Each structure stands twice: as C-alpha cells, then as structure tokens.
Amino acid sequence: MSGLDIGIDLGTTSIIVYLGNKGIVLSEPSVIAVDMRREEVLTVGEKAFEMIGKTPSYIIAERPLKNGVISNHVLTEYMIREYIKRICGTLMIKPRISICIPSSTTKVEADAVVDAAVKAGARKVYLLEEPIAAAIGAGIDITKANGVLIVDIGGGTTDIAVISLSGIVSSRSVRCAGQTFDQAIIDYVRNTYKILIGERMAEKVKIEIASAYSADPQKTIEVKGRHLLKGLPEKLLISQAELYPVIREQAMMIVDAVKEVLESTPPELVGDIYTNGITLTGGGALLGGFGELLESEIGVHVVVAENPLNCVAIGAGKSFEYLDDLNQGFSDAIMHTH
Ligand SMILES: Nc1ncnc2c1ncn2[C@@H]1O[C@H](COP(=O)(O)OP(=O)(O)OP(=O)(O)O)[C@@H](O)[C@H]1O
Ligand SMILES: [Mg+2]
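These numbers come from a predicted model, not from an experiment.

1. Thoughts on the side chain of Glu-130
Thought 1: By the element assignment, Glu-130 lies in helix α4 (residues 130–137).
Thought 2: Despite its burial, Glu-130 remains without a salt bridge, the nearest opposite charge being carried by Arg-175 at 11 Å.
Thought 3: Residues within four places of Glu-130 in sequence aside, it is in contact with Asp-9, Cys-100, Ile-101, Pro-102, Ser-103, Asp-152, Asp-159 and Val-312.

Here's what the structure looks like:
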C-alpha cells in the first residue's frame, strides 16, 4: 500500500484516521466548535468536546453527526475539512482517501463530505460501506465465496451485515448502540432515584460495570448527579445487578436484529456463518457480556475483533488493496478526481 492512502471512519462518536504505512494517526471526538459572530471554526475534536455545554451564546460546540446520521452537513463538512487539512499538511503528495460514512447518509450529504475532502487536498475520494471496512479491519478476507457476519456496534447505530465475495448480501441498521445504553442508564437513575446524571457519567457507568449477561450485586459504582426535587448535588451507589434488566432489554434489540438478518440470508451462507462465527466490531462490542448474550441467543460462536474501535478506520485504509474486488463496496462511491 502506498504511504499516501488514507482511511477515515467518520463516526457519530469519534473520527478515526488511518494513514498508509503509519497506522492510526488520529482519533478524536466528532465535535466542532464554531464562533457564530465571526462565522469561523474555532476548533475540532478533543478541545471542542470540552466546550460542550459550557459555551456563551455566540459559540456553538456540537456533534454534527447524531444518532448515526449527519444532522448538520455544513458542520460535518467543516469538521472533515479541518482534519484532512491537518493530515494532508504533513504530506508531500495529495493522498487518496477512502471514507466510511453512516449507512443512512443521503446522496446530498455524501456529496458534501466528498467535496470537503477534495477541497481539503485529496487526490481521489472513495466512499466505502461501513460493514465492508469493519470486516477488512477485523482481518477477514472478504473476497472469498464464504459468508461472514459482521455486527458493528457504534455510538448511534448498529450495522449488521452478511458479506460474501466482497459484497453485502443482507444487512440491517438499527438505532440501538452505545448511546442508547447511556440513555437507558440516565432514564433508570432518574426514574428510580429522581437523580439526573449527565451523558459522560452514564457512559462511565456503562463502561465500568454494565453487563448484558451477568447481574452481580457486588459490582458497584458511585454516581453523582442533581436531585430533581431538591435541586442539589447528590451521590449514589448503583450496582450491576440493578442495571442488568435495563442493559439486557436494549441488548436484546440488537440480538433480534441479528436474528432478522440471518432469517433473510440464503441458507448456504447461513451455513458458512455457523462455521465462521459472528465478528463484533465498534466500541459497543466492548459492552460487558454482549458477546456471551449473542452467543447464547443465536447459538453461533462470537468473536470480538482485535481493536474493535479502530476496525472501520483500519479497514478503510486497507481497502485500497481490494480496489479491484470491491465492486459493491465501492459501487455507490462517487469517485471524485481532482
Ligand atoms: N469498554 C466499553 N464498554 C462499553 N461501551 C464502550 C466501551 N468503549 C467504548 N464504548 C462505546 O462505544 C461507542 C463508540 O463506538 P464507536 O467509536 O465504534 O462509534 P462510532 O463509529 O463513532 O459511531 P457510529 O458507528 O454509530 O457512527 C460509545 O457509545 C462508547 O460509549
Ligand atoms: Mg462506527
């Protein structure tokens, strides 16, 4: 692979960039801060993330991609342009870029992303379907006539796809993923204790103790929030056991969607999947007990990919090796040459 090929995972939660011979060179929150008075981008990524909820009225700091879709394409365009400029600035020759965008992106939004990349200095831009990138990044040879099932659990959406001969045979995308679990935890604490906790606190609870498969009352975490009636700050200890039904309910929505995909998959490929197992990618793949739950409900061996958070970016970067085979993956790709 040329050192000048770049893969980008434009996710709802984070944007991750893989550069040819270097590997992952950037991983930051998908957040942008704009000064509305001057109509100027202030910053992107980590610094913009810290500004969320703390800005004066003339500054907006927000996620331009929400719930797995591009909710503000102008800001998305600005954000991607900033990042590509940052990376291209260090390169002597214009790179080829392969970008993964959310599966429900419209043609207009996709064009905006491609345009932004070209303006920021790309020589050629390819759009790649996320499950294809996730599979390549998980180290799977996608070119064989051998069905593989990928479940990519991101922040906003879970993408489930059966891949064979470099193309997607059947797929489904559901709006149940990392952030859904965070929200379910917020709702549970509010309804049970009348305490409001923030998104970051809920995510911490999820990462540290939540499980879709075990309910240990000894596993606890202290949460801080604001009491809804008293209006004052309050601390509280919550356990894995009490959260278990809440987490499991959400996790089952993903399990059911996997079942539906299997039901619409040709039998020969279902046979392959029983042999090959199911591969989990995306940050949500790290949710405690999810692999076990899926394995017990479907009866197929489940593997969490190595580096699940980086799979899509790695796969996008490596997709250039498959350029000739990726008929379907690159088919909707608007190939822009500058
Ligand atoms: N150890 C962990 N346990 C549970 N969830 C985790 C863990 N680490 C990260 N996550 C969750 O993974 C999600 C982010 O995953 P990822 O970076 O794959 O999403 P994304 O690609 O930005 O989103 P999308 O694919 O929906 O656009 C977040 O909701 C985060 O809370
Ligand atoms: Mg993703």
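2. What about the sheet that holds strand β6 (residues 59–62)?
Thought 1: Taken in spatial order, the three strands of this open sheet run β5-β4-β6, and their pairing is antiparallel. Of all strands in the sheet, those with a lone pairing partner are β5 (40–44) and β6, marking the two edges. Across the sheet, the mean angle from the axis of one strand to that of its neighbour is 20°, orientation sign disregarded.
Thought 2: With four bridges joining them, strand β4 (residues 32–35) and β5 adopt antiparallel strand pairing. Across the sheet, Asp-35 pairs through a bridge with Glu-40, a residue of β5.
Thought 3: Helix α2 (residues 73–88) rests against β4, β5 and β6 of the sheet, and its axis sits at about 60° to β5.

3. What to know about the domain arrangement of the protein chain
Thought 1: In terms of domain boundaries, the protein chain breaks down into domain 1 (5–130 + 313–337) and domain 2 (140–304).
Thought 2: Relative to domain 2, the C-alpha centre of domain 1 lies at a distance of 25 Å.
Thought 3: Contact with domain 1, which involves 14 residues of that partner, is made by 16 residues of domain 2.
Thought 4: Taken together, both faces of the contact between domain 1 and domain 2 bury some 1,200 Å²; the carbon and sulfur share is 46%.
Thought 5: Viewed at the interface, domain 2 and domain 1 are joined by zero salt bridges.
Thought 6: Run the count over domain 1 and domain 2 and you get zero residue pairs in polar contact (both at pLDDT 80 or more).
Thought 7: Grouping the amino acids of the side of domain 1 that touches domain 2 by side-chain chemistry returns four nonpolar, seven polar and three charged.

4. A closer look at the sheet that holds strand β16 (residues 233–239)
Thought 1: Overall, antiparallel pairing links the three strands, which are arranged β14-β15-β16 in an open sheet. Since the sheet does not close on itself, it has two edges, and those belong to β14 (195–196) and β16, each with one partner.
Thought 2: Relative to β16, strand β15 (residues 220–227) runs antiparallel, the two being bridged by seven bridges. Each residue of the ladder has a partner; that of Arg-226, found in β16, is Pro-233.
Thought 3: Along the sheet, helix α6 (residues 199–209) makes contact with β15 and β16, crossing β15 at roughly 165°.

5. Side note on the pattern of salt bridges
Thought 1: By the definition in use, this model includes twelve salt bridges.
Thought 2: We note a salt bridge from Arg-96 to Asp-5, for which the minimum N-O separation is 2.8 Å. Taken together, the residues span a long stretch of sequence, with Arg-96 in strand β9 (residues 96–100) and Asp-5 in strand β1 (residues 5–10) at a distance of 91 residues.
Thought 3: Of the residues examined, Arg-96 reaches a relative accessible area of 19% and is grouped as buried.
Thought 4: Note on Asp-5: relative accessible area 1%, which makes it buried.
Thought 5: Two residues, Arg-248 and Glu-297, come together in a salt bridge whose shortest N-O distance is 3.6 Å. Taken together, the positions of Arg-248 in helix α7 (residues 240–263) and Glu-297 in helix α9 (residues 290–298) put the pair 49 residues apart, joining distant regions of the chain.
Thought 6: Through salt bridges with shared partners, one network takes in Arg-248, Lys-259 and Glu-297.

What counts, and at which threshold
- Residues numbered from 1 in each chain as written.
- Chains lettered and ligands numbered in written order.
- Predicted model: local features only at pLDDT ≥ 70, side-chain atom pairs only at ≥ 80, totals over all residues.
- Heavy atoms only, no water.
- Helix = DSSP H or I, 4+ residues; strand = E, 2+ residues; numbered from the N terminus.
- Buried < 20%, exposed > 50% of the residue type's maximum accessible area, 1.4 Å probe, protein only.
- Lys, Arg positive; Asp, Glu negative; His and termini not counted.
- Salt bridge = Lys/Arg side-chain N within 4 Å of Asp/Glu carboxyl O.
- Contact = heavy atoms within 4.5 Å.
- Pairing = 2+ DSSP bridges.
- Axes fitted to C-alpha atoms, helices over the stretch in contact; angles between N-to-C directions.
- Domains from an automatic or database assignment.
- Buried area = accessible area lost by both parts, 1.4 Å probe.
- Polar contact = N/O pair within 3.5 Å; in protein donor to acceptor, adjacent residues only side chain to side chain.
- Nonpolar A, V, L, I, M, F, W, Y, C, P; charged D, E, K, R; others polar.

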